[in-house]
Structure formats: C-alpha cells, structure tokens
Amino acid sequence: MPRVNRRHAVSVCAVLLAGSMPALCFAQANDNCSAPEPIAGYGSFITSNVGATTDGAADAACNFFSSQQIWADVWMCWTATESGIAIAETCGSGFDTKIAAYLGCGCGGTILACNDDACSLQSRVTFAVTAGQTYTLRLGSYSSNGSNVATGQILLTTRSGALADLVNPANGHRYVAYDTSGWNAAEATAQLLGGHLVTIDDADENA
C-alpha cells in the first residue's frame with residue numbers, strides 16, 4: 001500500500017454539472033488523431049464512431065483475437081487531474097468496442113495500454129498517470145479484418161484505479177491502496193504519488 005475529415009467540423013462537447021447525465025461529445029469532430037476531443041478528469045462522456053474512418057496504426061500491444069487494429073476509431077485528449085492509476089473503459093456501450101491509451105495527445109504517442117473484451121464485449125485499460133499530463137484515448141470497434149465493423153454510441157468512463165484512499169487524522173499521513181503485481185510495480189506507483197511503500201509498525205497506525 002503506497003503512502004503519500006471531419007477534422008474541420010465543429011467540435012462539440014457539452015460539459016454538464018456533476019451528478020447529471022454524461023457529457024456529450026459528437027464523434028465526427030474527433031475522427032482524426034491530430035484533432036482529438038479534449039476532456040479532463042474523472043467522469044462519463046458519450047461519443048460515437050458512426051461514420052468514423054480508421055486512421056490509427058495497428059499495434060502489437062492491441063493484438064486480440066488475431067487483430068492488432070482498432071477500427072472506425074475516434075480520439076479523446078484526456079488530461080489527468082491527479083497522479084496515480086487511472087481506468088478508462090467503454091463498459092455499457094452497445095457494441096464490440098476496443099480501446100487504447102497513449103502518452104500525450106495527437107498521433108504517434110507511446111502506447112500505454114490496449115484492451116478488448118474486459119467487460120463482456122466492451123473494453124477497459126488501466127495505466128499510470130501524472131496530474132496535468134495529457135493522454136490520448138483511442139476508441140473504436142473490434143473486427144477481425146475490417147469488414148462488417150459494428151459502430152454506435154460509445155460510453156467512455158474515466159475513473160481512479162485506487163481501491164482505497166484514506167488519511168490518518170492523527171498524523172496526516174495519506175494511504176492509497178492499488179491493485180499492483182509485485183514490489184517494483186507497487187513502489188513505482190507509490191513514487192508516482194510522491195511517496196513510498198508504507199511499513200505499518202504499530203497497531204494504531206494499522207487501525
């Protein structure tokens with residue numbers, strides 16, 4: 001536990017009040033990787049890849065069921081508002097989706113994660129983020145060869161990957177729990193948050 005082109009179309013993303021319906025983002029404005037739709041923080045956003053082209057490159061990190069491509073892709077430029085582990089998912093969308101996350105916004109960024117079929121036929125990626133840094137979220141469809149590509153409305157949800165986030169009122173220490181594999185990954189996550197893996201050495205702190 002660490003301590004601590006259509007590219008020229010008008011882009012529309014209506015930001016709604018917290019607790020209301022998801023923000024609405026219309027797809028064809030973000031059909032090109034050079035013009036991703038800007039979004040930020042944790043929440044839900046609705047977009048669509050109906051009529052979208054496929055302009056992103058295939059990548060071995062996206063090899064699922066013998067397909068490395070994300071078809072009919074649309075693009076979001078997401079800004080992290082806090083450091084840690086973030087989750088981006090299309091769970092709840094109505095067709096077979098695929099999702100990838102890249103460092104930075106625009107074309108050609110380093111791929112951080114890719115997924116197909118994490119929640120039924122929809123997708124989820126988990127990746128380390130730094131507050132203020134931008135990340136590209138590429139959303140699209142699964143197809144084995146690019147034929148009969150299903151498209152539709154996409155529900156994109158971004159959320160924290162923290163299992164727990166607590167502050168000890170006695171000493172002000174913050175404890176954040178993440179699901180990581182191995183000591184090195186856990187320590188790297190802790191350092192991302194400005195801390196280190198915690199050592200619990202008394203009963204009061206453990207409580």
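All values derive from a computational prediction rather than experimental measurement.

Enquirer: Tell me what's going on with the sheet that holds strand β10 (residues 134-141), and back it up with residues and numbers.
Expert: In space, the five strands of this open sheet follow the order β3-β5-β10-β7-β8, with mixed pairing throughout. Each having just a single partner strand, β3 (37-40) and β8 (111-116) make up the two edges of the open sheet. Averaged over all neighbouring strand pairs, the angle between strand axes comes to 25 degrees, with direction disregarded. Here five bridges tie strand β7 (residues 97-103) to β8, and the two strands are oriented antiparallel to one another. Bridge assignment links K98 to a residue of β8, and that residue is D116.

Enquirer: Any details on the state of the cysteines? Residues and values, ideally.
Expert: Taken as a whole and assessed by the stated rule, the structure comprises four disulfides. Disulfide pairing places C62 opposite C114 at an S-S distance of 2.0 Å. Taking the torsion about the S-S bond as the criterion, the C62 to C114 disulfide, at about 110 degrees, is right-handed. Of the two residues, C62 sits in the loop between β4 (43-48) and β5 (71-79) while C114 sits in strand β8, which places them 52 residues apart along the sequence. Of the two residues, C62 and C114, neither departs from the other in class, the shared state being buried. Across the protein chain, the way the bonded cysteines pair up, counted in sequence order, is 1-6, 2-7, 3-5, 4-8.

Enquirer: How would you sum up the nonpolar core? Please name residues and give values.
Expert: Counting residues in hydrophobic clusters, the biggest one holds 22 residues, and the most contacted among them are W78, F127, L137 and L156. Among the secondary structure elements, those contributing two or more residues to this core are β5, β6 (84-89), β7, β9 (124-129), β10 and β11 (153-160). When residues no more than four places from it in sequence are discounted, the contact partners of F127 are W78, G84, I85, A86, A88, A101, L112, Y135 and L137. The next biggest cluster of nonpolar side chains, apart from the first, holds eight residues, and it includes C33, I70, W75 and C114.

Enquirer: Quick rundown of the environment of Q133? Include the residues and the values.
Expert: Summarising the element assignment, Q133 is placed in the loop between β9 and β10. On the accessibility criterion, Q133 (31% relative accessible area) is partly exposed. The spatial distance from the C-alpha of Q133 to the C-alpha of T79 is 5.8 Å, given a sequence separation of 54 residues. The residues contacting Q133, other than those within four sequence positions of it, are W78, T79, A80, L103 and G104.

Reading the values: the criteria
- Residues numbered from 1 in each chain as written.
- Predicted model: local features only at pLDDT ≥ 70, side-chain atom pairs only at ≥ 80, totals over all residues.
- Heavy atoms only, no water.
- Pairing = 2+ DSSP bridges.
- Helix = DSSP H or I, 4+ residues; strand = E, 2+ residues; numbered from the N terminus.
- Axes fitted to C-alpha atoms, helices over the stretch in contact; angles between N-to-C directions.
- Disulfide = S-S within 2.5 Å.
- Buried < 20%, exposed > 50% of the residue type's maximum accessible area, 1.4 Å probe, protein only.
- Core = buried A, V, L, I, M, F, W, Y, C linked by side-chain atoms within 4.5 Å.
- Contact = heavy atoms within 4.5 Å.

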